[in-house]
Every structure is written in structure tokens, then in C-alpha cells.
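Residue-level structure breakdown
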Amino acid sequence: MAARLHRHASELPSLPLRLSASRIRLLGATNRPPSALRLRPKSCRPARVMAAAASATAEEGLKKGIAEFYDQSSGLWEDIWGDHMHHGFYDRGVTASIDDHRAAQIRMIEEALRFAGVSDDPSKKPKKVVDVGCGIGGSSRYLAKKYEAQCQGITLSPVQAQRAHNLAVVEGLADRVTFQVADALEQPFSDGQFSLVWSMESGEHMPDKKKFVGELARVAAPGATIIIVTWCHRDLLPSEDSLLPEELNLLNRICDAYYLPSWCSAADYIEIAQSLSLENIKTADWSENVAPFWPAVIRSALTWQGFTSLLQSGWKAIKGALAMPLMIEGYNKKLIKFAIITCHVELYLYMLTESKIQHECGQRRHHLLALVATAGGFYEHI
Ligand code: SAH
């Protein structure tokens, strides 16, 4: 079980990023082939092929578990907490009442946008948003209304995608807010489309964090903002190689209940973002701002309505509910961190590269003309 937790981003499975060739060039990558395409010694191949097959099977199993978990539990959550399936953001040190939860969840969205510096200015505000791991579309509808934007949400759960669509219809947003079942690690979008790439509490489900951030970067347009709000484990101390065995044990129990693969730290996310040449990379630890959340969820589950809905929702949802105290324990032990990571796909990089290309093309044309002129002169001479 402990093997599920990786120490560094460099130890995360390194699958080739699906950045387009042009994006790879623009982001300043070298001409070396992606690591998966480099030749390996023959003797390693069978073992690697088997390991890759095992990991692909594990990923499929994980995706199925996530889809079923949200298929079963989303109705329960919506009944009690509404359409946002993420933590609330509270002032530090307050005890939240259950009635505050919706305002706190909206505040979470607003704080994330503010932290990332997303502009409200009509000429700069996001026009196309992707909501990666959209739940029943609470953020998608909120962002579409706030920015008068188009929004596309993806989730692994067919029940969520359908419910998200129905709610968009009810709110009169169906012409610009759409949902589909799709994998965040292989998004059904072409490169460079979205001005805001939004992942609210879905990153913790991703088995390959590098591929996940790579996909967010791939679909982001030049100048786009990427916002990842996610559960992380604490950063390791310079003297540490891994978390402590008791910490690993606690995280693994949470993984089982919520269909989570390996955890990583905020520092790992930063390292990944840097490796992708993303810009203005920022992070913050909001663990204290979300501290009142789980106690409030537990209080709501203990109401008559919460209890009866839970019993009707199926074993996966019950298992998730029983694991809620583990989340509180993780926060109290400062093992679990609620992190925001934001960055930009740099516009200047594109502009600079573009002007460089133009410059080089200009130089070539110049040389060609000079050659033609020389050849013409030589022809006249003979
Ligand atoms: N962002 C939403 C929901 C968070 S719950 C909100 O704030 O309300 C986590 C969501 O991540 C679920 O919708 C789940 O289906 C989705 N998810 C997890 N792994 C995913 C993957 N590989 N691809 C797409 N969605 C995924």
C-alpha cells in the first residue's frame, strides 16, 4: 500500500505529455524524443511492458471506482449541500454553522479567482472556460454567469454529467454550458482553446499528476490562467525521503474510501508546472481556511435528513461518509494540506517565438532573393 505514495514529482509515472508538436516547440522544449519514445535496452522491455499493462489496468479500475462513487453519492450530496461539491472557504479560526456552507463554497470560487488574478474587466475576462472534474457543474454555471462565458465541463460520472446538464437547462444556460463524460488525462479538446482552465478538487483523483497538469496546459490558450485547487500531502522536509509510515497508513485509508491514487505535495505540483514552462506559478496553503468544513459536513450527515439519505445512497457513499473523521485527523496532524496552485500559459513566449519565426523567415527570404539576384547577374554576364 505504501508504494502508492510517491515522494517527488520526478517519481510519478512519466507518460508522454499530449502537447502538440507546435506547443512543445513554443514552450521551448528540445528536439529530444519524449521519454516514452526513447530506445531502451531490450532486456528491460518485457518487465516494462507488463508494468505498463498493470498500471493501465489499475487506472481503468480507478476510473470505474470514481465514476461509481460519484454516480452513487452525488444525489446525497446535492440534497444536503447543494450543487458545489467542494470545501467552503472560511475566515481562519471560526466555527462554521451548517447554514454558512453555500456562501463559503461560493467564497472558495471567488478566493481562487482572486488569488489567480483573473480579471473582471470586460475586455480581459475569460470567454471560454473548461471545468475539469466538474461534479454536477456548480462551478461551470457560476463561472459562465459571472463572466458571460462559454463553459465545458468534464466528469467521469454519467449521473453527474446528466444532472449538470439538467441544472443548466433549468437555469437557462444550456446554450453555453455543456457537460460530457470524459477523462481529464485525455481531454476531448483540441490544443489551446480555453482562457480559464479550472480544476476544483479533482486533481487528487488523478493517477498521473504530470499528465494531468500537461493536459491542463495543452488545452489552455496563450495567456490563459490555470487554477488547480486540490488536496495535497505536506511538503517533505529536506531531510526526509518519504512521509512517515503512520502518515502513509492514514492517507491510504482515505484513498480507499474516496477512490484516490497517490498523493503529492504542493511542491511537487510547482515542480511539474515549472517543468512545463508555465509562468507566474503561485501556491498557497488554505488548510486553516477550510478547517471548519468537515466538522460541518459531519454535523449535516447526523441530521435525520442526512442520515436517511445516506442509508439510501449505497455502500460507496456510506464508506465515504465513514472516512470523514480521517480527513479531520489528517488536517489536525498537518499531514493533509488544502492547496491552490495557479499559473499562466505565457503570452509573451508565444509572441516572442512568433516574432522569432517571422524574423527567421524574413532572413531566409532575404537570402533567397540575394541568390536569385546573383544568379540573374551571372546569367546576364554569360
Ligand atoms: N469540481 C466539482 C466536483 C469535485 S468532485 C465541484 O467543485 O463541485 C471531483 C470530480 O472530479 C468528480 O466530478 C469526478 O468525476 C471528477 N474526476 C475525477 N477523476 C477524473 C478524471 N480522470 N477525469 C475527469 N473527471 C474526473
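Up top you'll find the structure we're talking about.
In this text the structure is predicted, and so the values were computed from the model without any measurement. (Residues numbered from 1 in each chain as written. Predicted model: local features only at pLDDT ≥ 70, side-chain atom pairs only at ≥ 80, totals over all residues. Heavy atoms only, no water.)

With that out of the way, let us pick up the packing of aromatic side chains. A complete count under the given rule lists 14 aromatic pairs for this structure. Summarising the aromatic geometry, the rings of Phe89 and Trp286 are spaced 4.9 Å apart at their centres and angled 85° between planes, so their arrangement reads as edge-to-face. Taken together, the positions of Phe89 in the loop between helix H2 (45-81) and helix H3 (101-116) and Trp286 in the loop between strand E6 (279-285) and helix H9 (287-290) put the pair 197 residues apart, joining distant regions of the chain. Relative to Trp263, the ring of Trp231 has its centre 6.1 Å away and its plane inclined at 45°; by these criteria the two rings are tilted. Residue Trp231 is found in strand E5 (residues 220-233), and its partner Trp263 is found in the loop between helix H7 (245-258) and helix H8 (266-275); the two are separated by 32 residues along the sequence. Across the pair, exposure class does not vary: Trp231 and Trp263 are buried alike. Feature note: the residues Phe69, Tyr70, Trp77, Trp81, Trp231, Tyr258, Tyr259, Trp263, Phe293 and Trp294 constitute an aromatic cluster, connected by ring pairs. Stacked on the ring of Phe115, the Lys or Arg Lys282 has its end atom at 4.3 Å from the ring centre. (Phe/Tyr/Trp six-rings, centres within 6.5 Å; stacked < 30°, edge-to-face > 60°. Helix = DSSP H or I, 4+ residues; strand = E, 2+ residues; numbered from the N terminus. Buried < 20%, exposed > 50% of the residue type's maximum accessible area, 1.4 Å probe, protein only. Lys NZ or Arg CZ within 6 Å of the ring centre and 35° of its normal.)

This next bit is on unusual backbone geometry. The phi angle at Glu148 is positive, at roughly 50°, despite the residue not being glycine. Within the secondary structure, Glu148 is located in the loop between helix H4 (138-147) and strand E2 (150-155). For Glu201, which is not a glycine, the phi torsion comes out positive at approximately 55°. For Glu201, the position within the fold is in the loop between strand E4 (194-200) and helix H6 (209-219). For Glu201, a relative accessible area of 10% translates into the label buried.

The strand order across the open sheet built from 7 strands is E3-E2-E1-E4-E5-E7-E6, with neighbouring strands paired in mixed fashion. Strand pairing shows two members of the sheet lacking a second neighbour, strand E3 (177-181) and E6, which therefore form its edges. Averaged over neighbouring strand pairs, the angle between their axes works out to 15° when direction is ignored. In terms of strand pairing, E5 meets strand E7 (residues 336-344) through 9 bridges, oriented antiparallel. Within E7, the residue paired with Trp231 across the bridge is Phe338. Helix H13 (residues 324-332) rests against E5 and E7 of the sheet, and its axis sits at about 75° to E7. (Pairing = 2+ DSSP bridges. Axes fitted to C-alpha atoms, helices over the stretch in contact; angles between N-to-C directions. Contact = heavy atoms within 4.5 Å.)

Turning next to the site of the ligand. If you check the shell around the ligand, you find 19 residues, and the closest are Met85, His86, Gly133, Gln160 and Ala184. One of the backbone nitrogen or oxygen atoms of Gly135 is found 3.0 Å away from an oxygen atom of the ligand. Here Met200 contributes a backbone N or O atom positioned 2.8 Å from a nitrogen atom of the ligand. Starting from 570 Å² of accessible surface for the ligand in isolation, the protein chains cover 98%. Its residues assigned to classes, the shell around the ligand shows 9 nonpolar, 8 polar and 2 charged. (Near = heavy atom within 4 Å. Polar contact = N/O pair within 3.5 Å; in protein donor to acceptor, adjacent residues only side chain to side chain. Areas by Shrake-Rupley, 256 points an atom, 1.4 Å probe, with all protein chains shown as cover. Nonpolar A, V, L, I, M, F, W, Y, C, P; charged D, E, K, R; others polar.)

Counting residues in hydrophobic clusters, the biggest one holds 69 residues, and the most contacted among them are Ile227, Ile254 and Tyr258. Those residues in contact with Ile254 that sit more than four places away from it in its chain are Trp231, Leu260, Trp263, Leu326, Met327 and Ile336. Residues Val132, Val219, Ile228 and Leu276 belong to the second largest nonpolar core, which totals 32 residues. (Core = buried A, V, L, I, M, F, W, Y, C linked by side-chain atoms within 4.5 Å.)

Read these as spatial facts, not as claims about activity.
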